[in-house]
Amino acid sequence: MVAPGMNFHLHIHRLHHRGHCPNTFLGTEVIVKLIIIIIIIIISALRPSEIPQISYASTAPELSDDRRYDFFSRVVPPDSFQAQAMVDVVKAMGWNYVSTVASEGSYGEKGVDAFMQLSREAGGICIAQSVKVPHDNSPAVFDKIIRLLLDNQQARAVILFTSDEDIRGILNATKRADQVGHFLWIGSDSWGAKNSPIQQLEDAAVGAITILPKRATISGFDAYFTSRTLENNRRNVWFAEYWEENFNCKLMSSSKKDDSSRKCTGQERIGIDSKYEQEGKVQFVIDAVYAMAHALHNMQKDLCPENSGICPEMEQAGGKKLLKYVRSVSFNGSAGTAVTFNRNGDAPGRYDLFQYQLNNVTGPGYHVIGQWTETLQINMEDLQWPSGEREIPSSVCSLPCRSGERKKVVKGIPCCWHCESCDGYQYQLNEFTCKLCSYNMRPDANRTGCQPIPITNLEWSSPWAVIPVFLAMLGIIATIFVMATFIRYNDTPIVRASGRELSYVLLTGIFLCYIITFLMIAKPDVGVCSFRRIFLGLGMCISYAALLTKTNRIYRIFEEGKKSVTPPKLISPTSQLAIASSLISLQLLGVFIWFGVDPPNTIIDYDEQKTVDPIQARGVLKCDITDLQIICSLGYSILLMVTCTVYAIKTRGVPENFNEAKPIGFTMYTTCIVWLAFIPIFFGTAQSAEKLYIQTTTLTISMNLSASVALGMLFVPKVYVIIFKPQLNVQKRKRSFKAVVTAATMTSRLSHKAGCRPNGEAKTELCENVDPNS
């Protein structure tokens, strides 16, 4: 069986030099023909239509289709495994944008198709350009291919399923385009670890990663083949032609060699007088032969246990039964690795990974950087790239987005995207989505999550609080001083003439107006919020209830005096207190109803200071009181204030000597102006980020000013007289109601004629000096 195989030497050699099998060494071709003859001899007894085949070099992916090629097996892995290894290399390098180049034909096109299919299934890899090299190529064709590859500058990695000639053409075109070092080549097993594709193009191949099925050098074959001579290999009819081509000499006159060629001596030796390198597929040829041998051996043992040779059962077994034994073989091959077949007849995928490097120590050449056996194992520290770089070059369409940015994918190209910042209160949920934080949260510094919005409230040290507190403290001190003065001089004519009972009520209201400042600035809790509801409108209500009672009394006295000499009802101090108390009780009743309907509580308002910039956002801790509720709480006091102002206007003609109508009138006019200014400021800042501070400051200052106006206009003149003009604080004789009204009326008429008023008397409140019994 050896002799027929060896007869193919000359024919194979001829095919090699005619260009059909470039860069193929003689040893491989001999074994190829040998295995073909052996298989033909073995299956000659089987049915012609069902002949199992074992290939040593066919890697086309379509041969894995057991519906079409059900009798085909191979000891080399299909290109689909190779393509998977290339996909794993691309992903390991962190590349996601690559181009492909395929030689026209089944090997190149099917290999690239397998790579593209597997990359789609794996995800994360996009094809920038897919170029095919035609059979009738030229330098212009390769220049065009390079220009196409350069259209996508980011896609530096290029997958090559090309022949040796096409690899050389591409590398040459790269040099002509001055793009040496730009492309990152990943070559299939057609490149492998060969030197012929890169000869004199080494600089353009630096950094190229290539794949080659795991193989071993068979030392016995080298010894056998290099010992072949013209004398000991006469049975191979083509060996003489091979001898002439290998040693470039002429054996006979019928030789096709030129006459100028030297004559062969017959003493030449393969590997000594000529270059010799064992073809890498020798291992697979041997494994294929042994696979068939093991299958036949196992089949013979099962079908012919009693015979040492072929029995009739084996002769009639057929191809299907032999295929069963072929697919079941399992043994250690010539390289020490297991030889097995899967259900499709494919051998396991085992590849070595090489990189062409310009190493200063070992010199330029291919260096093993890893392997692929179902999974990738690669030594990243052994990699070298053009210009001696150690960092892995990039081959990506778009750079990764920064934290807090989402990817907006370009339509149709999932590996290309634009980065968009998650703005406002959004954070990066995943690489493609921004999501809004919940209402009480804001994005963190890098916008990869949310964090609670800080809680704030009006601090005592804030400038918005300092001014109202300062005014309130001055007002409280002044109010206490006035109250102490009135208590100290409680029985003096000035104090008695002022209406002591209502004056104390009024001073109490003024004091509460100042006190509310501290409650409005204090940190909110249930207790503070409860007191705010009670005292917010109570101080003003008490003040204006007392002033309304006073102005109403003055008005009724003079109106009644015009009709009769009988004093009107309910003008005594007790009656005045009862009237004021009834007015105040309405305010308290409203507050208690408010407590029942909506119990006091604290809330955190995240909308009030939700600024455009989330960094500035704050949650405001405040009482559960709306702007409308504040106005409603003050509404009753404002109604009393307006009513009091109306009575002050009606009593503006009463002589100053006999009443407090004019000071009360000035007080109410000024207070109205203060509150008319308050309303637009309070509601105009409802949308401001400083709403809490502006509204609180405006409200407290308005209440302080209202209290200060009343205190200044109604009590300061009296205190001045009491302390600095005691000679005016004297008792006048009591007069009857009729005398008082008559005197006041006459004085009023005289005052319209002459601008003078009586002086030298202390101002007296009507009916204080009136004898109730007269």
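Reading the values: the criteria
- Residues numbered from 1 in each chain as written.
- Predicted model: local features only at pLDDT ≥ 70, side-chain atom pairs only at ≥ 80, totals over all residues.
- Heavy atoms only, no water.
- Helix = DSSP H or I, 4+ residues; strand = E, 2+ residues; numbered from the N terminus.
- Buried < 20%, exposed > 50% of the residue type's maximum accessible area, 1.4 Å probe, protein only.
- Axes fitted to C-alpha atoms, helices over the stretch in contact; angles between N-to-C directions.
- Parallel < 35°, antiparallel > 145°, perpendicular 65-115°, else oblique.
- Contact = heavy atoms within 4.5 Å.
- Salt bridge = Lys/Arg side-chain N within 4 Å of Asp/Glu carboxyl O.
- Pairing = 2+ DSSP bridges.
- pLDDT = per-residue confidence, 0-100.

### Describing the overall build of the protein chain
Then step 1. Secondary structure summary: the protein chain contains 23 helices and 21 strands in total.
Then step 2. In the protein chain, which comprises 774 residues, the share counted as buried stands at 49%.

### Some points on the packing of helix α18 (residues 573-597) against helix α19 (residues 627-650)
Then step 1. The N-to-C vectors of α18 and α19 enclose an angle of 170°; their axes lie 10 Å apart at closest approach. Taken together, the axes of α18 and α19 lie roughly antiparallel to each other. Between α18, through L583, L586, Q587 and W594, and α19, the contact on the second element is made entirely by Q629, S633, Y636, S637 and L640.

### Considering the side chain of T100
Then step 1. Topologically, T100 is positioned in strand β3 (residues 97-103).
Then step 2. The class of T100 is buried, set by a relative accessible area of 1%.
Then step 3. When residues no more than four places from it in sequence are discounted, the contact partners of T100 are V112, F115, I127, Q129, S130, V131 and I159.

### Looking at the pattern of salt bridges
Then step 1. Counting across every chain of the model gives 16 salt bridges.
Then step 2. Taking the shortest distance from any N to any O, the salt bridge between D65 and R67 comes out at 3.3 Å.
Then step 3. For D65, a relative accessible area of 21% gives the class partly exposed.
Then step 4. Across the pair D66 and R343 runs a salt bridge whose closest N-O atoms are separated by 3.8 Å. Separated by 277 residues along the polypeptide, D66 in the loop between β1 (53-55) and β2 (72-74) and R343 in the loop between β9 (338-339) and β10 (351-359) bring together distant segments of the chain.
Then step 5. Relative accessible area serves as the criterion here: at 25%, D66 is assigned to the partly exposed category.
Then step 6. One salt-bridge network, in which partners are shared between bridges, spans R406, K408 and E420.

### Re unusual backbone geometry
Then step 1. Positive phi is not limited to glycine here, since D178 has a value of about 55°.
Then step 2. Inspection of the secondary structure puts D178 in the loop between α7 (164-176) and β6 (184-187).
Then step 3. Judged by relative accessible area, which is 65%, D178 ranks as exposed.

### With respect to the pairing of strand β14 (residues 413-421)
Then step 1. Sheet topology places strand β13 (residues 405-410) next to β14; 6 bridges connect them, and they run antiparallel. When the sheet's bridge partners are listed, K407 is paired in β14 with C419.
Then step 2. Turn length for the β13-β14 hairpin, with the two strands adjacent in sequence and antiparallel, is 2 residues, and the turn residue G412 shows positive phi of about 85°.

### Some points on the confidence of the model for the protein chain
Then step 1. The predicted model of the protein chain averages 81 in pLDDT, with 84% of residues at 70 or higher.
Then step 2. Least confident of the elements in the protein chain is helix α1 (residues 2-6), whose mean pLDDT is 29; most confident is strand β5 (residues 157-161), at 95.
Then step 3. Within the model, the stretch residues 1-48 combines pLDDT values under 50 with 98 contacts to residues more than four positions away or in other chains.
Then step 4. Low pLDDT, under 50, characterises residues 747-774; the stretch is placed with 50 contacts to residues that sit more than four places away or in other chains.

### A look at the sheet that holds strand β19 (residues 455-456)
Then step 1. Taken together, 3 strands build an open sheet; the order of strands is β19-β21-β20 and the sheet is mixed. Strands with a single pairing partner mark the edges of an open sheet, and in this sheet they are β19 and β20 (602-609).
Then step 2. Relative to strand β21 (residues 618-623), β20 is paired through 5 bridges, and the arrangement is antiparallel. Bridge pairing in β21 links Q609 to R618.

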